[in-house]
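So the chains spell out like this:
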There are 2 protein chains.
Amino acid sequence: MKKAIVLFSGGLDSTTVIAIAREQQFQLYALSFSYGQRHSVELDAAKRIAADMAVSQHVIADIDLTTFGGSALTADIDVPKHQIATDMTDGIPITYVPARNTIFLSFALAWAEVLGAQDIFIGVSSVDYSGYPDCRPEFISAFQQMANLATAAGVEGSQQITIHAPLSELSKAQTIALGTKLGVDYGQTLSCYDPEANGAACGYCDSCQLRKKGFNEAGIADPTIYRS
Amino acid sequence: MKKAIVLFSGGLDSTTVIAIAREQQFQLYALSFSYGQRHSVELDAAKRIAADMAVSQHVIADIDLTTFGGSALTADIDVPKHQIATDMTDGIPITYVPARNTIFLSFALAWAEVLGAQDIFIGVSSVDYSGYPDCRPEFISAFQQMANLATAAGVEGSQQITIHAPLSELSKAQTIALGTKLGVDYGQTLSCYDPEANGAACGYCDSCQLRKKGFNEAGIADPTIYRS
């Protein structure tokens, strides 16, 4: 079996990506980050899901993005409620974490090189990407090109790194429909930017609203527990 | 003054780069990493030099590259002595840290985005690069292209990120000659992969040998304190 690194937050998208990579017969290496996000509830969800989905190894890398600040998710800024920014004309949302996917993919690349893996999966979508520049297909493609120049494997020509973004062209509803078909238990996944300690979602942040809308459009019952 | 991030290890090359960026009138933001390298002597040297060279801010970001292993500099492998690998035909040296420059530049990109800086300096050389794939000009150029797609600034078109690699075409001797002209005190810099706790260099590792050869070829007295 070929090995694949999957960037994995424990959220709806990256859990679907694990199911997709598993369906494609990859041996799974899930990579999560502890990066000064406000809630470790997210990492607890990731650990449970990784165990349930039988990944070969789940690594949680500690990185300190609070050093630089600059985002509602890492600095002391309130997470905005009742606001969805779905396209670039609204500018970059305050929940954007500077260069986050670049950093995450760089760590995935390091692990891929150590494991001798050629495949990295990331759950970005260019449909529901809320204005994050590092979710666009042109970014993923540029990262792949850079990765093949960055690594020993690229130099030796023995293998090429592929960055897979299987949700890139899917709406949230399409992602949910696909994951449901692949057996994903979305009740375990956590999307909320501001969850309760017990894992209940706020229901109002960008991420909760996209998730609700997705289940609604897919015509699938939303198993999420929202704060009452 | 324009702000620049300088990737800064406290070694000979990155200290020269600080002097170059200072000469070009940039306001300096130095970024070092604590990444499970064997010696914190290196970071102590970096702190002293950053203070001496009047950088505006010096951040040491904690990242855990030992999670993945795979290099003599982060894993429990002996640093090789009496061996210099100066070209690719010898393969990748054991001291290569997988995807290290990709990770370092990604963090620099995050900080640049927070500061609104457009310029990132890195002290790689394609002349004395010891077979590291992520020191080649084509890697630097691919990273820059990716960076401009990764960031909010790139999307808004308000600014472009430039990755400066001013030592790229310089031999170690040329770097030392340039730095000496710019007033660098090389006695403070540390290049050794395996220094004593007091900062004395081993004199035998790849990095020590390249450094000795550089001073010798430049005809400049080597101020390094070597282990007796």
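Quick note: structure is the one above.
Owing to the predicted nature of the structure, the values given are computational and were not obtained by experimental measurement.

What counts and how
- Residues numbered from 1 in each chain as written.
- Chains lettered and ligands numbered in written order.
- Predicted model: local features only at pLDDT ≥ 70, side-chain atom pairs only at ≥ 80, totals over all residues.
- Helix = DSSP H or I, 4+ residues; strand = E, 2+ residues; numbered from the N terminus.
- Expected span 1.5 Å × (residues − 1).
- Buried ≥ 20, exposed ≤ 12 C-beta atoms within 10 Å, placed from the backbone.
- Axes fitted to C-alpha atoms, helices over the stretch in contact; angles between N-to-C directions.
- Parallel < 35°, antiparallel > 145°, perpendicular 65-115°, else oblique.
- Left-handed = near helix turned anticlockwise from the far one by under 90°.
- Contact = placed C-beta atoms within 7 Å.
- Pairing = 2+ DSSP bridges.

Caption draft 1: Seen up close, helix H4 (residues 137–150) of chain B. Residues and elements named next belong to chain B. With 14 residues, H4 ought to run about 20 Å at 1.5 Å a step, and its terminal C-alpha atoms sit 20 Å apart, in line with that. Taking burial as the measure, the 14 residues of H4 include 10 buried ones, the bulk of the element. Taken together, the buried positions of H4 are Phe 139, Ile 140, Ala 142, Phe 143, Gln 144, Met 146, Ala 147, Asn 148, Leu 149 and Ala 150.

Caption draft 2: Spatial organisation of the packing of helix H6 (residues 172–181) of chain B against helix H7 (residues 206–218) of chain B. Residue and element names in this part refer to chain B. Running from amino to carboxyl end, H6 crosses H7 at an angle of 65 degrees, the nearest separation of the two axes being 7 Å. Classed by the angle they form, the pair H6 and H7 counts as roughly perpendicular. Handedness of the crossing formed by H6 with H7: right-handed. Across from Lys 172, Ala 173, Thr 175, Ile 176 and Ala 177 in H6, the residues of H7 making contact are Leu 210, Arg 211, Lys 213, Gly 214, Phe 215, Glu 217 and Ala 218.

Caption draft 3: Examining the sheet that holds strand E2 (residues 27–34) of chain B more closely. All names here are of chain B. Strand order in the open sheet formed by 5 strands is E3-E2-E1-E4-E5, with parallel pairing between adjacent strands. Strands at the two margins of the open sheet, each flanked by one partner only, are strand E3 (57–62) and strand E5 (162–164). The sheet shows a mean angle of 25 degrees between the axes of neighbouring strands, taken without regard to direction. Taken together, the 6 bridges between E2 and E3 define a ladder with parallel strand orientation. When the sheet's bridge partners are listed, Tyr 29 is paired in E3 with Gln 57. Contacting E2 and E3, helix H2 (residues 41–52) runs over the sheet at an angle of about 170 degrees to E2.

Caption draft 4: Quick look at the packing of helix H4 (residues 137–150) of chain A against H4 of chain B. Contact geometry of H4 of chain A with H4 of chain B gives a least axis separation of 9 Å together with a crossing angle of 160 degrees. By the angle class used here, H4 of chain A and H4 of chain B are roughly antiparallel. The element H4 of chain A and its partner H4 of chain B pack so that their crossing is left-handed. Residues Glu 138, Phe 139, Ala 142, Phe 143, Gln 145, Met 146, Leu 149 and Ala 150 of chain A of H4 of chain A touch H4 of chain B, and the partners they reach there are Glu 138, Phe 139, Ala 142, Phe 143, Gln 145, Met 146, Leu 149 and Ala 150 of chain B.

Caption draft 5: Quick look at the sheet that holds strand E4 (residues 119–121) of chain A. Residue and element names in this part refer to chain A. If you walk across this open sheet you meet the 5 strands as E3-E2-E1-E4-E5, and the pairing is parallel. With partners counted over all chains shown, the strands left at the sheet margins are strand E3 (57–62) and strand E5 (162–164), one partner each. For this sheet the average axis-to-axis angle between neighbouring strands, irrespective of direction, equals 25 degrees. Where strand E1 (residues 3–7) lies against strand E2 (residues 27–34), 5 bridges are found, and the strand directions are parallel. Across the sheet, the residue bridging to Leu 7 is Leu 31, located in E2. Where helix H1 (residues 12–23) meets the sheet, its contacts fall on E1, E2 and E4, and the angle it forms with E1 comes to roughly 170 degrees.

Without other data, these values stay purely geometric and don't point to any function.
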